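Survey of secondary and tertiary structure
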Amino acid sequence: MLLQTWRWYGPGDPVSLQDIRQAGAKGIVTALHHIPHGELWSVEEIKKRKEQVESAGLQWDVVESVNVHEEIKTRSGDYKKYLAKYNQTLRNLADCGIHTVCYNFMPVLDWTRTQLDYEVQDGAKALRFDWTDLAVFDLYLLKRKGAEKDYHEETQRKAKKRFQSINEKQKEILTENILMGVPGEKSVTIEALSKSIETYTHLGREGLKENLVYFLSSVMDTCEEYHINMTIHPDDPPISILGLPRIVSSLSDLQYIIKTVDRKPNGICFCTGSLGAGKQNDLVQIIKAVGERVYFVHLRNVTKEPDHSFYEANHLEGDVDMYGVMKELVLIQQKRKEPIPFRPDHGHQMLDDLKKKTNPGYSAIGRLRGLAELRGLEMGITKGLSV
Ligand code: DNO
């Protein structure tokens, strides 16, 4: 059976560990979000978090994420110092019994959404990525040089009209949403974003790919020695935005990563919501092709629109063939000894959670619904395969 896990943002998370137990999850996915990116996670700090998790009757199975410092991604400045710290953090995690680590290689911004309260038909709220809103931000608020060439004329027209129709508050919210980091971590400033865009434009897609390969080659010895599996999280959304290069967006990207650094700990976090937002991606085909290196899974669904826009759908609805994906996962799991951790990724803000302050995408009830549906799907498929 797959291992049912749940992302917990630590003691400040409005969803408590007891809530998580009641939702039926067994394992916890968490990170030391209070430690700035790039700094060392000491054994003492890791143990403290581990004890909190265990005293609630749960276990800490996956770290999401040990973030890769920007200077490693751009291979500049103090990147060597940060690589040494990264390796030491991995050793410390392994010494505390944690062996699965998620990370991403998205330039500057982590996941990007333009709206956090998109109302779906039943009145629940979902996260949304709107291509025209992104163009509004890019063309009129960030005012990126040369941005027009990334948008069709029709999108530019729509963006102009929308920009003229929204008020100052709406502009502020759009900017905040785009710049927002992971809960409990700092947002990027608009100035820092502009500066990074310049750096990454200069670096380019090939340069970023080389830096990922360099990063992986620099941590693989530690991973082999300490039995750590690294899992790269796909780009979210899986297309170039704001002129930033993307290198983890498709099947061929994933194949390039696992073949170029062809070592067992070089693995994938199979995120169906991130990859699923890409027009180019057939999720069942991807999991069939790279499943052997999938050590962590995010299950989530999206409904796509023709112009790269999408919103997050209920876990069994939307454009991702969740049945097909789950069936492949069940087949992979049957060949493995260790349970593969998965988590219901994001959920709608619904029922009582609509009245509460929640972390965007990470309210309790929507994820509880997702987890319940997904574990039922897994059980149905497993039993069906054995008759
Ligand atoms: C969003 C998440 C991402 C993910 C990181 C992994 O909900 O899926 O923030 O944790 O990109 O490094």
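Residues numbered from 1 in each chain as written. Predicted model: local features only at pLDDT ≥ 70, side-chain atom pairs only at ≥ 80, totals over all residues. Heavy atoms only, no water.

1. Quick word on the side chain of Asp130
Our working rule: Note on conventions: DSSP H or I runs of at least 4 residues are helices, E runs of at least 2 residues are strands, and numbering of each starts at the N terminus. Each residue is assigned to one of three classes by its accessible area relative to the maximum for its type, calculated with a 1.4 Å probe on protein chains only: buried under 20%, partly exposed between the two thresholds, exposed over 50%. Here a polar contact is recorded for every N or O atom pair within 3.5 Å, except that within protein the pair must consist of a potential hydrogen donor and a potential acceptor, and residues adjacent in sequence are included only if both atoms are side-chain atoms.
Locating Asp130 in the fold gives a position in the loop between β6 (125-129) and α5 (131-141). The exposure class of Asp130 is buried, given its relative accessible area of 9%. A polar atom in the side chain of Asp130 sits 2.9 Å from the backbone nitrogen of Thr132. A distance of 3.0 Å separates the side chain of Asp130 from the backbone nitrogen of Asp133, its partner in a polar contact.

2. Focus: the packing of helix α8 (residues 190-226) against helix α9 (residues 251-260)
To keep it simple, the criterion reads: To obtain an axis, a line is fitted to C-alpha atoms, over the contacting stretch when the element is a helix, and the angle between two such axes runs from 0 to 180 degrees between their N-to-C directions. For classification purposes, an angle smaller than 35 degrees is called roughly parallel, one larger than 145 roughly antiparallel, one from 65 to 115 roughly perpendicular, and anything else oblique. Crossing chirality is assigned from the near helix's rotation relative to the far helix, an anticlockwise turn below a right angle marking it left-handed and a clockwise turn marking it right-handed. Any two residues having at least one pair of non-hydrogen atoms within 4.5 Å are treated as being in contact. Residue classes follow a fixed rule: Ala, Val, Leu, Ile, Met, Phe, Trp, Tyr, Cys and Pro count as nonpolar, while Asp, Glu, Lys and Arg count as charged, and any other residue, Gly among them, counts as polar.
It is the contact of α8 with α9, at a shortest axis distance of 10 Å, that shows an interaxial angle of 40 degrees. By the angle between their directions, the pair α8 and α9 is classed as oblique. Seen from above, α8 lies across α9 with right-handed handedness. Each of Arg205, Lys209, Leu212, Val213 and Leu216 in α8 lies in contact with α9, whose residues at this interface are Asp253, Tyr256, Ile257 and Thr260. Looking at the contact of α8 with α9 residue by residue, the classes come out as five nonpolar, one polar and three charged.

3. Regarding the pairing of strand β12 (residues 341-344)
Applicable threshold: Pairs of strands are assigned from DSSP output, requiring at least two bridges between the strands.
Of the two faces of β12, the one carrying Pro341 and Arg343 and the one carrying Phe342 and Pro344 are both buried. In terms of strand pairing, strand β9 (residues 294-299) meets β12 through three bridges, oriented parallel. Each bridged residue has a counterpart across the sheet, and for His298 the counterpart in β12 is Arg343.

4. Observations regarding the pattern of salt bridges
Just so we agree on the cut-off: A pairing counts as a salt bridge when a side-chain nitrogen of Lys or Arg comes within 4 Å of a carboxyl oxygen of Asp or Glu.
One pass over the structure, following the stated rule, counts 31 salt bridges. Note that Arg343 and Glu64 form a salt bridge whose closest N and O atoms lie 3.0 Å from each other. You can see Arg343 sitting in strand β12 and its partner Glu64 sitting in strand β3 (residues 59-64), a full 279 residues away along the chain. Glu64 matches Arg343 in its accessibility class, with the two residues each being buried. Two residues, Arg128 and Glu305, come together in a salt bridge whose shortest N-O distance is 2.8 Å. Of the two residues, Arg128 sits in strand β6 while Glu305 sits in the loop between β10 (301-304) and β11 (310-313), which places them 177 residues apart along the sequence. For Glu305, a relative accessible area of 26% puts it in the partly exposed group. Salt bridges linked by common partners bring Arg7, Glu64, Arg113, Asp236, Arg300, Glu312, Arg343 and Asp345 together as one network.

5. Re the nonpolar core
Across soluble globular proteins, nonpolar side chains show a tendency to be buried alongside one another. Stated formally: By convention a nonpolar core is built from buried Ala, Val, Leu, Ile, Met, Phe, Trp, Tyr and Cys residues, the set being connected through side-chain atoms within 4.5 Å.
Within the largest apolar cluster, 105 residues are counted, with the highest numbers of intra-cluster contacts made by Tyr86, Tyr103, Leu193, Phe215 and Met230. Looking at which element gives the most residues to this core, the answer is α8, with 11 residues. With sequence-adjacent residues up to four places away left out, Tyr86 is seen in contact with Val66, Asn67, Val68, Val101, Tyr103, Phe215, Val219 and Met230.

6. Focus: the sheet that holds β9
Here eight strands make up a closed barrel; going around it, the order is β1-β2-β3-β4-β7-β8-β9-β12 and the pairing parallel. Strand-to-strand, the axes of this sheet are offset by a mean angle of 30 degrees, without reference to chain direction. Across the sheet, helix α4 (residues 79-95) touches β3, β4 (100-104) and β7 (229-233), and the angle it forms with β4 is around 150 degrees.

7. Things to note about the pairing of strand β5 (residues 115-119)
The pairing of β5 with β6 spans three bridges and is classified as antiparallel. For Tyr118, the partnering residue across the bridge sits in β6 and is Ala126. Hairpin connection between β5 and β6: a loop of five residues separates the two successive antiparallel strands, and Gly123 in this loop has a positive phi of roughly 95 degrees.

8. A closer look at the sheet that holds β5
One open sheet accounts for four strands, arranged β5-β6-β11-β10; its pairing is antiparallel. Taken across any chain shown, the strands that pair with only one partner, and hence form the sheet edges, are β5 and β10. Taking the axes of each pair of neighbouring strands and ignoring which way they run, one obtains an average angle of 40 degrees across the sheet. Strand direction decides the pairing type here: β10 and β11, joined by four bridges, are antiparallel.

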